[in-house]
Structures are given as structure tokens and as C-alpha cells.
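Residue-level structural notes
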Amino acid sequence: MGRPLQILLVIGLIALAAFPLVGEKFYLQFVTKVMIMAIFAISLDLLVGHTGLVSLGHALPFGVAAYALMLLTPEYQAAGFWTSLAVSVGVAGLASAIVGALVLRTSGIYFIMVTLAFGQMAYYYVHDSKHLGGSDGKYIYVRPALELFGWQPFDLEKPAHFYYLALALLVLVYAGMRVLLAAPFGRAIAGIKENEHRMRMLGFATFRYKLACFVLAGMLAGLTGWLTAAHDGLVNPEMLSWHQSGQLLMMVILGGMGTPAGPILGAAALKALELVFQGWTKHWQLVLGLFIVLSVLFVPRGLAQLFEWRRRRG
Amino acid sequence: MDPVIFLIQVLNGVQYGLLLFLVASGLTLIFGILGIINLAHGSFYMVGAYLAFSLTERMGNFWLALAAGVLLAVALGMALEWLVMRFLYPRDHLYQVLLTYGLILVFEEARSLIWGDDVHGVQVPAALDFSIPLTDTLSYQVWRLVMSAVCLAIAAAMYWLIQRTRLGMMIRAGAVNREMVQSLGIDIGLLYRVVFALGVALAALAGMLAAPVSSVFPGMGNQVLIISFVVVVIGGIGSVKGALVAALLIGLADTFGKVLLPQLAGMVVYLLMAAVLLWRPQGIFGRT
Amino acid sequence: MKDHRNPRRRFLQAAGGLALTASPLSAPFVIAQPAPLKVGLMLPYTGTFAALGNAITNAFKLYVAEKGGKLGGRSIEYVVLDDESEPSKAVDNAGRLVNRDKVDVLVGTVHSGVQMGMVKVSRESGVLSIIPNAGADAATGGLCAPNIFRTSFSNWQTIYALGKVMVERGHKSAAWISWKYAAGEEMFKGFKEGYEKAGGRIVKELWLPFPNVEFQALITEIAAAKPDATACFFAGGGAVKFVKDYDAAGLKARIPLYGNGFLTDGTLQAQGASAQGIYTTLHYADSLDIPKDREFRLNYAKTYKLQPDVYAVQGYDAAQLLDVGLRAVKGDIKAKGQLVAAMENVTIDSPRGRWKVSKAHNPVQDSYLRQVVGEQNKYVAVAWKALEDPARGCKMTA
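Thresholds applied
- Residues numbered from 1 in each chain as written.
- Chains lettered and ligands numbered in written order.
- Predicted model: local features only at pLDDT ≥ 70, side-chain atom pairs only at ≥ 80, totals over all residues.
- Heavy atoms only, no water.
- Helix = DSSP H or I, 4+ residues; strand = E, 2+ residues; numbered from the N terminus.
- Rg over C-alpha atoms; globule rule 2.2 N^0.38 Å.
- Buried < 20%, exposed > 50% of the residue type's maximum accessible area, 1.4 Å probe, protein only.
- Contact = heavy atoms within 4.5 Å.
- Areas by Shrake-Rupley, 256 points an atom, 1.4 Å probe, with all protein chains shown as cover.
- Lys, Arg positive; Asp, Glu negative; His and termini not counted.
- Charge placed at Lys NZ, Arg CZ, Asp CG, Glu CD.
- Disulfide = S-S within 2.5 Å.
- Buried area = accessible area lost by both parts, 1.4 Å probe.
- Salt bridge = Lys/Arg side-chain N within 4 Å of Asp/Glu carboxyl O.
- Nonpolar A, V, L, I, M, F, W, Y, C, P; charged D, E, K, R; others polar.
- Polar contact = N/O pair within 3.5 Å; in protein donor to acceptor, adjacent residues only side chain to side chain.
- Pairing = 2+ DSSP bridges.
- Axes fitted to C-alpha atoms, helices over the stretch in contact; angles between N-to-C directions.
- Core = buried A, V, L, I, M, F, W, Y, C linked by side-chain atoms within 4.5 Å.
- Parallel < 35°, antiparallel > 145°, perpendicular 65-115°, else oblique.
- Left-handed = near helix turned anticlockwise from the far one by under 90°.
- pLDDT = per-residue confidence, 0-100.
- Expected span 1.5 Å × (residues − 1).
- Phe/Tyr/Trp six-rings, centres within 6.5 Å; stacked < 30°, edge-to-face > 60°.
- Lys NZ or Arg CZ within 6 Å of the ring centre and 35° of its normal.

Some details on the overall build of chain C
Broken down by element type, chain C carries 13 helices and 15 strands. Compactness check: chain C gives a C-alpha radius of gyration of 22 Å against a globular reference of 21 Å for 398 residues, within 12% of the reference. Reported as C-alpha extents along the three principal axes, the dimensions of chain C are approximately 70 × 60 × 45 Å. Expressed as a percentage of the 398 residues in chain C, the buried residues total 62%. Considering only contacts in chain C between residues 6 or more positions apart, those separated by 24 or more positions represent 69%. A total of about 14,500 Å² of accessible surface is found on chain C, and carbon and sulfur atoms cover 54% of it. Side chains of chain C carry 49 positive and 38 negative charges; the gap between the two charge centres is 3 Å.

Points about the state of the cysteines
Residues and elements named next belong to chain C. Counted by the stated rule, this structure contains 1 disulfide over all chains. Residue pairing for C144: its cysteine sulfur links by disulfide to C394, the two sulfurs lying 2.0 Å apart. Judged by the sign of its S-S torsion, about 95 degrees, the bond between C144 and C394 is right-handed. Separated by 250 residues along the polypeptide, C144 in the loop between β5 (128–131) and β6 (148–150) and C394 in the segment after β15 (376–387) bring together distant segments of the chain. Accessibility expressed as a relative area gives 9% for C144, which makes it buried. On the accessibility criterion, C394 (7% relative accessible area) is buried.

Examining the interface of chain A and chain B
Between chain A and chain B, the contact holds 38 residues from the first and 36 residues from the second. When chain A packs against chain B, the two sides together hide about 3,800 Å² of surface, and 79% of this comes from carbon and sulfur. Between chain A and chain B we count 0 salt bridges in total. Contributions of two or more residues to the side of chain A that touches chain B are made by α5 (108–127), α10 (242–255) and α12 (284–298) of chain A. Class assignment for the residues of the side of chain A that touches chain B results in 27 nonpolar, 7 polar and 4 charged.

A few points about the environment of B:Y140
By the element assignment, B:Y140 lies in strand β2 (residues 139–141). For B:Y140, a relative accessible area of 2% gives the class buried. In this structure B:Y140 touches B:I8, B:L11, B:N12, B:Q15, B:F130, B:S131, B:I132, B:L134, B:L145 and C:Q216, once residues within four positions along its chain are discounted. One polar contact links B:Y140 to B:N12, side chain to side chain, over a distance of 3.4 Å.

Some points on the sheet that holds strand β4 (residues 105–107) of chain C
Residues and elements named next belong to chain C. What the 6 strands build is an open sheet, ordered β2-β3-β1-β4-β5-β6; its pairing is mixed. Looking along the sheet, the strands with just one partner apiece sit at the ends: β2 (70–71) and β6. In this sheet, strand β3 (residues 74–82) lies alongside strand β1 (residues 37–43) in parallel orientation, the contact comprising 7 bridges. In the sheet register, M42 faces β3, and the bridge partner there is L81. The sheet contacts of helix α3 (residues 90–100) involve β1, β3 and β4, and relative to β3 the element is tilted by about 155 degrees.

Let's talk about the pairing of β3(C)
Residues and elements named next belong to chain C. Pairing geometry for β2 and β3, over 2 bridges, is antiparallel. Looking across to β3, one finds that K70 is bridged to S75. The turn linking β2 back onto β3 is made up of 2 residues, and G72 within it adopts a positive phi angle of 60 degrees.

Details of the interface of chain C and chain B
Contacts between the two partners involve 30 residues from chain C, matched on the other side by 27 residues from chain B. Among the residues of chain C in contact with chain B, C:E214, C:Q216 and C:T220 are the three that bury the most area, contributing 22% of the side total. The tally of links between chain C and chain B comes to 0 salt bridges. Taken together, the connections running from chain C to chain B amount to 8 residue pairs in polar contact (both at pLDDT 80 or more). Among the secondary structure elements, those contributing two or more residues to the side of chain C that touches chain B are α2 (50–66), α7 (216–225), α8 (236–248) and α9 (251–254) of chain C.

A word on the nonpolar core
Judged by nonpolar contacts, the single largest core of 201 residues is most densely connected at A:L227, A:L249 and B:L34. A per-element tally of this core places helix α2 (residues 25–51) of chain A first, with 18 residues. If we skip the residues at most four places from it in the chain, A:L249 touches A:L44, A:V48, A:V54, A:L56, B:L94 and B:V97. C:I222, C:A275, C:A285 and C:I333 belong to the second-largest nonpolar core, a separate cluster that totals 106 residues.

What about unusual backbone geometry?
Residues and elements named next belong to chain C. The amide bond that connects G108 to the next residue, T109, takes the cis arrangement and shows omega of 0 degrees. With a phi angle near 55 degrees, S85 is a residue other than glycine that sits in the positive phi range. Even without a glycine there, the phi angle at A391 is positive, about 50 degrees. Its place among the elements puts A391 in the segment after β15.

Concerning the packing of helix α2 (residues 41–59) of chain B against helix α8 (residues 188–214) of chain B
Residues and elements named next belong to chain B. Two elements in contact, α2 and α8, have axes separated by 6 Å at closest approach and are oriented at 50 degrees. With respect to α8, the axis of α2 lies oblique. As α2 runs across α8, the sense of the crossing is right-handed. Across the interface between the two elements, H41, F44, Y45, G48, A49 and A52 of α2 pack against F196, G199, V200, A203, A204, A206, G207, M208, A210, A211 and S214 of α8. When the residues that make up the contact of α2 with α8 are grouped by side-chain class, the tally is 12 nonpolar, 5 polar and no charged.

Here we look at the confidence of the model for chain C
All names here are of chain C. In this model, chain C carries an average pLDDT of 89, and 91% of its residues clear a pLDDT of 70 or more. Predicted confidence for residues 1–5 stays below pLDDT 50, and this span has 7 contacts to residues more than four positions away or in other chains. Contacts from residues 17–28, a stretch scored under 50 in pLDDT, to residues over four places away or in other chains number 6 contacts. For this predicted complex, the interface score ipTM comes out at 0.82, while the overall pTM is 0.86.

Quick notes on α2(C)
Residue and element names in this part refer to chain C. Under the 1.5 Å per step criterion, the end-to-end length of α2 is 24 Å for 17 residues, consistent within 8% with the ideal 24 Å. The buried fraction of α2 amounts to 12 of the 17 residues, a majority that puts the element mostly inside the structure. Among the residues of α2, those classed as buried are A50, L52, G53, A55, I56, T57, N58, A59, F60, L62, Y63 and V64. Backbone geometry just downstream of α2 places G68 in the positive-phi region, at approximately 75 degrees.

Quick look at the packing of aromatic side chains
Under the definition given, this model contains 49 aromatic pairs over all chains. Between C:W176 and C:F191 the ring centres are 5.5 Å apart and the planes differ by 25 degrees, which places this aromatic pair in the stacked class. Separated by 15 residues along the polypeptide, C:W176 in strand β7 (residues 173–179) and C:F191 in helix α6 (residues 182–197) bring together distant segments of the chain. Judged by its relative accessible area of 0%, C:F191 is buried. The interplanar angle of 65 degrees and the centroid separation of 5.1 Å between the aromatic rings of C:F215 and C:F234 together place this pair among those described as edge-to-face. Taken as a pair, C:F215 in the loop between β8 (201–208) and α7 and C:F234 in the loop between β9 (229–233) and α8 lie far apart in primary sequence, 19 residues in all. Accessibility assignment for this pair places C:F215 and C:F234 in one class, buried. A connected cluster of aromatic rings, assembled from ring pairs, spans C:F49, C:W179, C:Y181, C:F215, C:F234, C:F242 and C:Y246. Cation over ring: A:R178 sits above A:Y174, and NZ or CZ is 5.9 Å from the ring centre. Just above the ring of C:Y279 sits the side chain of C:R169; from NZ or CZ to the centre is 3.9 Å.

Here's what the structure looks like:
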């Protein structure tokens, strides 16, 4: 990654850290959601951009974790911070492991379709079930709380505190991903994306690597699900729909697959554009749709391509 | 279940399946021959329904409106292929998904601008607007039978087109090996445009036929789209025969699912797709 | 030359800039005029309930126009938002109206699932909220709040009386069909309570996902079950289709169809012959002998070239209720306590008849029995006088 991009990311980080001091509630919540979506996009990019696994069912672990939090939250009380986080992420990872074990036996367009199928199955299961709230969803009236011997280090009900939690997690996930991709594991999955057959000839147990990726991405999606449910205070079957998976894929492709800042750029751009276009016209989806069509035609490698003017392509 | 009721439910399932076939056949041709994943295919269904609504109002006659609508759909298909789609052929599936997703938004909003956001009904043509009694309590709308008949006629026409005409030969060849067809000197650009327009017209026709029974409403393309993909995948990408078999299978599964297992009804179709994909990924009639 | 600035920051700045220009800072500077009251209208303007959203909006604005464009001395500025009847976006949409657009009053909505999201935001923010339709029992039940009022109904209230009516007409067994969402399920509960208490028996329960309109398979099931009658809940576009499909399947003559009034309100022109003769219960009818109603219907028809329906009446009363409150505090929306007290103690002179606000902030009103004759829901009798929702779980009634 080139110097200018590094500097920009640092500046961006400082701006994000300082924003709560000047931003008002609505925008604070907006940027929090953007950061949460960025984590979600990073998790999908691990599959799509780095391993070559295009999943249209990434909303499944996301939604499963969100519903887990809802089930763990007593009616008008807070769920435990660490317990609910661990259970949500764990359940998401487990779901990914089960689905992954089945779907990773296919590839190409069939992989895309079968991940879609599982996502939709989960969607309909939740949508048609009464005890999970059905099509109206269910509410989480109190956010998870952390208590250490009677002391609350932070109160997630305060927008600024939740904001910093999201920011901290985004930085952690981003850094963790950079480390993972530079490590031998990262090299291996890059190799699998390039040519799986060759990697198998070289002795790599490619299925295990792919499954590990799938589960890891699923767990990160679960983290996002937990954050989203806690932030919005609401879980709804739409969180499991293919629209959710599709929109996320848009973010990843639009931002630039397989690039470090791509997922973050994509998430921010799509959400911000939505907000801006909504202010212009009632028919903002038309503008957004045109934007997407034009981007694919003219900036095919995504927004991150805009930063490549100094990068030397290897 | 009472045998007569059972037969009626089978009739319901077949009718739904045949309509799905119409939409899915277009999708499987576009996918199989042109190699494009077109998420906006549901939008063509919606366009057809809305065209049926306004053209019937304008022209006063449903059948005239149908004919006019099909012609408009073909024109739309040709224009869309030339303007946008042909840039997608060399591109990765992912970009096709992204671009056509953008198209869904464009079409949906264009619909809102042109036709507004209300729900509309389309009158069944007066001559066919009656029901035949099947049991002492239940009657069946004749229009639904007409719909099914039209779908079967189109299925037959497609069979004739693909198996017995030169165009059909090119389509079959193109589905197997695109590059070879190109190197044989066939104007692949024109062939693709024709196939795409055919796909669009089929989806629009389905929308027009269904409009009297399903109502015309915003977002009506979304549900159809996703089920059409299921049909295409189960039937085999590029296989019209497969689309027919799969569509009937899904029509029946969905209908009986709603009735016998209401709790799991929504999942049934996707369970089916997952099962097929895991057992035989290329679908029932697809090529390996 | 490419733009190197961080696009994220650029967008945030643009968004921030847009927010500033949209804020009251840019309002024209006029001397000695109270600032307009911001009324947020969060209603469906797309989809199966679009006609309902429009009717409510029309009637609300009609009342304001009748009062010279002002309520409680303040001119009204509308911030309109299409909620698309989407529960998943409800909290976001309501939050946007309350936190970004800073509305003084939140008016909405139609869909009960969306309403629950609005209720959540209303309770958290304390913004004065008036519900012009959605009957979610909890809004004036378990989740009632001093700042939440309803001028329409609770789901229970619209259908409780239907059971007694059906049994009195000799239908001891019934099939039920509706959409499977919060409102549908609450309608079922209310119907079941009333019907079973009157001695009826529900022999079949059929559900389909909202807003699905593929009724064919389920209508076949009703025929198979052979009940004395069918009770249902559908509204808007779905109601139009169901009544037509039910008739086309030949069931209407053998297994009479009943429902609460949403089945036939605002839909009769589209339903035509299929709806003739259907009995429904609702807190409004088309041929009430009430002077206020005649005046309202005349004005509405003159202004909008359409016949009003129950949704319009509810929207009209929402503006009326707000007006009562504002006049009591002379336009000072911040005097919450006084405002709420005034609204609680009023008797609303509504086109549907006079009604009072219950302790849980829901109307206490008569439930009318109506029958479809021509393009009207003709008043037949009072099915239940001064029916009050039990407001189960509401802490304000204690």
C-alpha cells in the first residue's frame, strides 16, 4: 500500500476519533453504522477478494448473531457484554462451519447460488416463525452492559460510547486482517484464489483453508450482527435476506475487492451516497442505481482504484 | 386430503409453475447463451405487468395490449442490450451482478416516476371473466386455465424454435461453445441481441398474463426474480427443458408446502435448491 | 487529474453541509411570527397501503386548511416520509424525522409492525406522537406513554364485535384467513375472543406472509374445510384482491365472507360486484346520519374529488386532536404536561360520531355493523356501544 493511502488512513482515523466532539446525535449514529458496515464489508472481502469465494449468503451469520443477542436480552434489561458477544459470535461461527462444510463442495456460479439458498432458508425460517417475531421482527430495548465489580467502564446507551466501541473494533479488525493476510495463511488463500488446483498439487489441504476462511468471515459477520442489533435495538428477518447479502457485495465490489481500504471505502461511499441522494430527491434510488451502473462501467476495480495513481502494479 | 381438492391444488401448482417457466426460460437463455447473470430480470416481469395495466386502459382491449406490450418489450430488450449489456460479456460474473443490481434500482424508480406507487388491478378480458364450478363449493377461474394454456403454447413454440430452426441451432451451439460459434462467422452480436430481447419479452409476457390474477404493485419483480433463479439452477443453466421441469416442480412444491407445511412453506423451495446443488450442481438437465 | 482527498471525508462533509442547509438556519427571517410547527408525516406512500397513506394525509391537510392553515396559532410545516410499510426501516425512518429533521409532532403510521418502531423512537425521545391508523394493541397497551395518542383504533377493537354478529346470524363455525404479521395476529386474537365468547368455533386457521396476495391455494383449503362462514382481515390492495378472488372461486354464495371494515373501506370501486352484500364491523360507515359527517364528506369530495373513507376520518381527527392540544397551550409545544392533559380530556367531534380519549390514549367509540350496498358501506346497526380497548399491560390506566 502506497504512502499517500497510509497517510490518508491515519488522517481518517484521527478525524473519526475527533468527530464525537463536534458531531450531533444523528450523524454520530450514522457514522457508527458506517463503521459497523465497514467491519461487515471487511469480513466479506476476506471471502470474495482474498479467497475468491463469492458468497451471496453472508447475511446468514450476521442475522444469526443478531437474533442470538435478541434471545439473550431479557425483556427490559441489558444482556451481559462479554457473554452475549461471545455467544453471538460463536453461534455465527458454528452456523458458518455447518453451512461451509456443505457449500464449499461446490464452486463458481454454483457456490454463489447455494450460499444464496442457505441464506434464504434462514430468512424464511425466521420470517415464518412466531416466537422469533415473524416479519415484524423483535426489539432489544436495552443495549448490552458491562459491569466489573459494580463499576461500569462505559455506557453503550450513550451514542459517543457506542461510537468509540465501533471505532475500536474496526481498527482491531482492520489491523488483524492485515496481519493475517501477510502471514503464511494469507499467502495460502491468495494462492487458492489464483489457482486452487495448483495449490492442491503443491500439497495444500485447500478445503480446510477455505473452510477456515469461511468460518472466520462468518464470525466477523457475527460480530457485525451483534453490533447492529445492539445499535439499532431491533432484529428483523430482512437482516438475513439476499438484499442484505447483495448490498454488502455491492459495497465490497464498489470499494475495490482485495484491497486494504476497499471495503471501508465501499461501505462509507454507499451509505454516504444513500444519505446524500435521499436529501436530493424522493427517487434517490434511481440516482444510486445509475451511480452503480456507471461505476461498474468506468471504474471497474472500485473506488480504491482512484488511489492507485502512485502504486506500482506488481 | 379429498381427491378433488388434491387435484385442484395440483392444478394450482401447475398454473403457478407454468408462469414461472415463462419467466425462468428467459433467464436461463440469457444466462446460458450470453453468460450474463441478470438480476434485473424480475424488473422485466414488473414492466410487463405495468404495461398490461396502462395499455389495456388506453387501448380498451387486453389482447391488443398484450401484442403491443410484447413488441415494446422486445424493443426494450434490444435497446438495453445495445446500451449496457454488451459491455458485460467479457466481464466477471461479479460485475454483472453489481451492474444489474443497479439496474433493478433504476427500473424500480423509473416505474415509480412513470406509473406511480399505487397498487392496480387489471381486468380479465370480458369474454373469459367467469369461473367453472369444480365442486359444490369451489369454482376455478377460467382465466387461470387460459394462462396455463398460453404458457404451454409458448413452451411448444420454444421447443420448435430451438430444435427445428436455424436460429435455434445457433442458440444451442452458442450454449455449448460460444467461441466456436463466433469463429464460424456467425454475427454473434446480433444473435446475442435477439436472444436477450427474447428473454426480456418472455418475462414481460409472463407479467402481462399474470397481471389480472396477481395485481400490479411496486416490488412485484423481486419475489419472481429469486424464484426464477432457483428454477434455472435446479433445471440446469441454459436448458429450457430443464426450466420447464424445474418450474413445475417448484410450483407444486410451493403450493403443497403452503397447504401442508405452512410453517416451513417459505423454506421448501430453497431446501430443494440446496439439495439439488449439493447432489448434482449442474442441475437436472445442465451440462457438466 | 484525479481527486485525492479521502472520499469518505468528502462525503461526510457534503452530507454535513446538506444538513446545515436543510436546517432552520436557512428559514426566511420574518419579524414577530412564531416559527412554523414541524409536523412529521411518516406514512406509506408506496405499496399495498399507499391509498391509506394518501387518504390520511389528505384529510389531515383538509382540517388544517379549514382552520386557516394554522393549528393553535401556528402555521404548519410538513416533513413527509414514505415508510414503505417496511418494519425493518421503521426505527431508522422515525429516528431521521425526530433526530435530523427535528419534527415537533410525529404523525403516523398505517402498518402495525412499522408502528412498533415508531413507538420505540417516540418513547425514547418524548416527541408528541399521534397514530392515525396502525392498530397495534401495544401502542396503547403494554407500551403506552403520555406522549403517544391514537385517533384510530386498536386491532382488538375493530373485530371483537364481529364474532357476536356472526353467531347471531347463524354461523357457528368459521374459517379464519389473514396476513401473518403483528396486526393480523392481533386481529385474530380479538376475533377469537369475541367469537368463542358468543359460542362460535374456529375450524380452520390460514395464514400467508405479508404482503403476499397469492390466495389461490388457501381459498381452496377454505372450500375443503366447509365452514359456515369465513372471517378475515385484509386491507388496501390485498383486500381488493382477496374479495375478488373469493368471489371468482364461487365461495361467496356458499360460505359468506365477513371481516372488519378494512376489507371494504376505500376498496369498493375496485372490488365492484364481488363485494356486494358483505357485512363488516368498524367504527365508521358511509351513510351515518351525523351532521359533522355530512359536512366532512362534502368538503373532502369537493377538495380531492374522491370519497373519504375511515382512514381519512382518522387523519382528520389526528389534526383535530393536535389542534385541541395546541390551542390549550397557545401553540407552545414545549408545555408538554398541559398539552397532554388537554388532549386527554377532550371529546372529539368526529365525522364518525363523538368519541372520548381513553386513559390509555385510544378512542372509546361505537362499533358499527355495515353492509356493502353499491359503492357504499351502509350503516345497519350499532354492533357494540362505546367499545373500549382493554389496554392490557398499560401502566397509565393503573
